[in-house]
Amino acid sequence: MLPNQTRRRMVRAIRRNKTTLVGIALTLLIFLVALLAPWLAPFDPIQQNISNGDMPPGPVNILGTDSYGRDVLSRIILGTRVSLGIALSAVGIAIVVGSTLGVVAGYKGGAIDAVTIRVIDMLMTFPTIILGLMVLAVLGSGMVNLALAIAVAITPRFARVARGSAIAMRERDYVQAARALGMSDLRIIFVHILPNLANEVLVVGTLWTGTAILQEANLSFIGLGVKPPIPSWGGMIRDGVNQLFSQPWLSIAPGVAIFIVVLAFNMIGDGLRDVMDPKTME
Amino acid sequence: MFRYAFRRSLMAFPTMLAVLIFIFIVMRILPGDPAYAILGDDAPPEALEQFREIWGLNDPLYVQFGNYIGGLFTGDLGISMANARPILPQILRAMPYTMDLTLAGLIVGLLLGVPLGVFTARYRNTSIDYSARVISLAGLSTPSFYLGILLIFFFSYKTKLFPVIGGGDLNDPWSRLHHLVLPALSVGLTQMAYITRVTRSAFLEVINAEYVQTARAKGLREYLVMYKHALRNALIPLVSVVGIYVGILIGSSILVTIVFNRPGLGKLMVGAISTHDYTMLQAVMVMYAGIIVLVNLITDLAYGVVDPRIRYR
């Protein structure tokens, strides 16, 4: 099927699927919040005001304040930028690196492919968080390292998808014709293989963005994430957990934010997967 | 069957070796110096040098690797850099808690996920289907540690039903179970969507298969058709997913053990990271890798038992 027809069919199927639409709407809203964060936040998320510390939710501080007197709502809003930024960076790195490796391995075949598939399988035996912990144990905490750590866990998945696509494409008539005509490998990859990969990468990418956000929260909760005073949802939960019984909003509120964002991406991803899978289509 | 089992078991060794090499390399490309990390920045150079000698950090890499692999064969996992005691006993003490949680998470996932998957397949595209899928999607979107925190808040604080922390007394099965409930729910409820999804798609495939239609045409009662023919075949793909699922459970349980302050491999690992206990960290990674490789092997073998077509490839 020509890419154009498939795309039109996909869009129609997506429009029918309520979950995906809600997911897309929610995601757009979240991006908006992330973009406008500094203007949306009622207070300065970093400024401490200890005399106003540990206040419960009220008319002034809608979600209360933490031990340093910082407004929880403002920190959550700014945290959107942090979490989204790290997750998208991680997925971006994984797409670029993973697709490159996968396409090269799939297209070239032979020894390169054999080695690559072994490495991919080996990396995929590790749960995402264990890989993340290993990388962070080596590199230390911080935003960039966090994105790298998450990217390491996700890259094998994209590499596998890319490799599969490259292998399928390499047998196609027009690709073989191009080779016979003397087109360089690089050109073939860019002109024929990569565009076909784009669809799958989109679906896989949305699915893994949700996971990336969860992993950022996980790693920040352990304490290896973003360094204070930068607000991070996982870090906020970690700080608040000791006061769970006295100031529960400190831990509960950021968790709701995580839930909403990840749910949004998962809804899109779930809908996209249904669209791709012929068995569940009507 | 025996040939398949033999071949598949043999494959586990190179995989394990590759994983061991990977762990070794990762631990050795540390930008920091373990000596500085453990002894501190003010330590005199002689102490640092002595530290490096004792721990074999000055030996050439192939010697270190030899010691590492050799140690594994004799069951010696080394000595912890943080508390200077042998690692293996510490890990063995932690293992039952980890096994309990992983198994309990698996049971929760299967007990809830499979029926939900069958249910959503049967009533597909109705409002029941959509709400059930949104619910399991919601589970996947919740960090497992967050669900743990919520459960603690409602079931340990507001109502004193379950203990907040600890693993309980291993020798007392009731205490052991009591301390297992909330952590197992935190892990199981969040991850069960994977099981639901696989069961649903497998069941959908099976429902419309020819042999099911034949069974109905024969006049078999609906529930017999469903359970005797459809379900048994639908469960086959589920077996192959269990291996991956256990990996996910293990990842999830690391965080849950922190929330509940529950002893186990996860606690050892996180402790090792914060105290820069490199030998312990390496040993725990090896344990995790071993468990995962083993579970995948068992899963593949079970798949061979359940689906006869695999054996004759």
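A quick note: this is a predicted structure, and the numbers were derived from the prediction, not measured.

### Comments concerning the overall build of chain A
Looking only at helices and strands, chain A has ten helices and zero strands in total. Projected onto the principal axes, the alpha-carbon positions of chain A cover approximately 75 × 45 × 30 Å. The 282 residues of chain A split such that 46% are buried.

### Thoughts on the overall build of chain B
Scanning chain B from terminus to terminus reveals 14 helices and zero strands. Element order for chain B, N to C, with α for helix and β for strand: α-α-α-α-α-α-α-α-α-α-α-α-α-α. With the C-alpha coordinates aligned to their principal axes, the bounding extent of chain B is approximately 85 × 55 × 35 Å. Taking all 313 residues of chain B together, the buried fraction comes to 38%.

### Some words on the environment of V138(A)
All names here are of chain A. Assignment of secondary structure puts V138 in helix α5 (residues 128-139). Looking at V138, the number of C-beta atoms within 10 Å reads 16, which means it is partly exposed. Each C-alpha atom, one on V138 and one on A149, is 9.9 Å from the other, the two residues being eleven residues apart in sequence.

### Let's talk about the nonpolar core
Core analysis: the biggest nonpolar cluster contains 147 residues, and A90(A), I150(A), I154(A), M269(B), L281(B), V284(B) and Y288(B) have the highest contact counts within it. Per-element tally for this core: the top contributor is helix α3 (residues 72-108) of chain A, with 17 residues. Those residues in contact with I154(A) that lie beyond four places of it in its chain are A90(A), V91(A), A94(A), W208(A) and A212(A).

### Considerations on the interface of chain A and chain B
The interface is formed by 35 residues belonging to chain A together with 40 residues belonging to chain B. Elements that contribute at least two residues to the side of chain A that touches chain B include exactly α4 (110-125), α5, α8 (185-222), α9 (233-241) and α10 (249-276) of chain A. The residue inventory of the side of chain A that touches chain B, partitioned by class, reads 22 nonpolar, ten polar and three charged.

### A closer look at unusual backbone geometry
Residue and element names in this part refer to chain B. Its identity as a non-glycine residue notwithstanding, A84 has a phi of 55°, on the positive side. Relative to the assigned elements, A84 resides in the loop between α4 (61-73) and α5 (87-122). Using a count of 7 C-beta atoms within 10 Å as the deciding quantity, one classes A84 as exposed. Unusually for a residue other than glycine, N261 sits at a positive phi of about 50°. Looking at the element boundaries, N261 is found in the loop between α11 (222-259) and α12 (265-274).

### Here we look at α4(B)
With 13 residues, α4(B) extends 19 Å between its outermost C-alpha atoms, agreeing within 8% with the 18 Å of an ideal straight helix rising 1.5 Å per residue. A positive phi of about 80° marks G75(B), the residue just after α4(B).

### Side note on the confidence of the model for chain B
All names here are of chain B. When pLDDT is averaged along chain B, the result is 81; 93% of the residues meet or exceed 70. Here helix α14 (residues 308-311) stands out as the element of chain B with the lowest mean pLDDT, 66, in contrast to α5, whose mean of 88 is the highest. Taken over the whole predicted complex, pTM reads 0.85, whereas the ipTM for its chain interfaces reads 0.86.

### Notes on the packing of helix α7 (residues 144-158) of chain B against helix α9 (residues 181-207) of chain B
All names here are of chain B. Contact geometry for α7 and α9: axes closest at 9 Å, N-to-C directions at 135°. Considered as vectors, α7 and α9 are oriented oblique to each other. α9 is crossed by α7, and the crossing has right-handed handedness. From α7, S144, L147, G148, L151, I152 and F155 reach across to α9, where they touch L182, P183, L185, S186, V187, L189 and T190.

### Thoughts on the environment of M16(B)
Structurally, M16(B) can be placed in helix α1 (residues 2-28). Contacts of M16(B), omitting those with residues within four sequence positions, involve G290(B) and V293(B).

### Considering the packing of α12(B) against helix α13 (residues 278-306) of chain B
All names here are of chain B. Between α12 and α13, the shortest axis-to-axis distance is 9 Å and the interhelical angle comes to 150°. As for the relative orientation of α12 and α13, their crossing is left-handed in sense. Here α12 contributes L265, L268, M269, A272 and I273 to the contact with α13, which in turn contributes M280, L281, V284, M287 and Y288. Broken down by class, the residue content of the contact of α12 with α13 amounts to ten nonpolar, no polar and no charged.

### Focus on the confidence of the model for chain A
In this model, chain A carries an average pLDDT of 84, and 95% of its residues clear a pLDDT of 70 or more. Within chain A, α3(A) carries the highest mean pLDDT (91), whereas helix α1 (residues 3-16) of chain A carries the lowest (68).

### Brief notes about the environment of R15(A)
Secondary-structure assignment places R15(A) in helix α1. Judged by local crowding, R15(A) falls into the exposed class, with 10 C-beta atoms found within 10 Å.

### Focus: helix α2 (residues 18-40) of chain A
Two residues of an α-helix separated by three or four positions point the same way, owing to the 3.6 residues in each turn. With 23 residues, α2(A) should reach 33 Å at 1.5 Å per residue; the first-to-last C-alpha distance of 29 Å falls well below that figure. The complete set of buried residues in α2(A) reads T20(A), G23(A) and A34(A).

So, how was this worked out
- Residues numbered from 1 in each chain as written.
- Chains lettered and ligands numbered in written order.
- Predicted model: local features only at pLDDT ≥ 70, side-chain atom pairs only at ≥ 80, totals over all residues.
- Helix = DSSP H or I, 4+ residues; strand = E, 2+ residues; numbered from the N terminus.
- Buried ≥ 20, exposed ≤ 12 C-beta atoms within 10 Å, placed from the backbone.
- Core = buried A, V, L, I, M, F, W, Y, C linked by C-beta atoms within 7 Å.
- Contact = placed C-beta atoms within 7 Å.
- Nonpolar A, V, L, I, M, F, W, Y, C, P; charged D, E, K, R; others polar.
- Expected span 1.5 Å × (residues − 1).
- pLDDT = per-residue confidence, 0-100.
- Axes fitted to C-alpha atoms, helices over the stretch in contact; angles between N-to-C directions.
- Parallel < 35°, antiparallel > 145°, perpendicular 65-115°, else oblique.
- Left-handed = near helix turned anticlockwise from the far one by under 90°.

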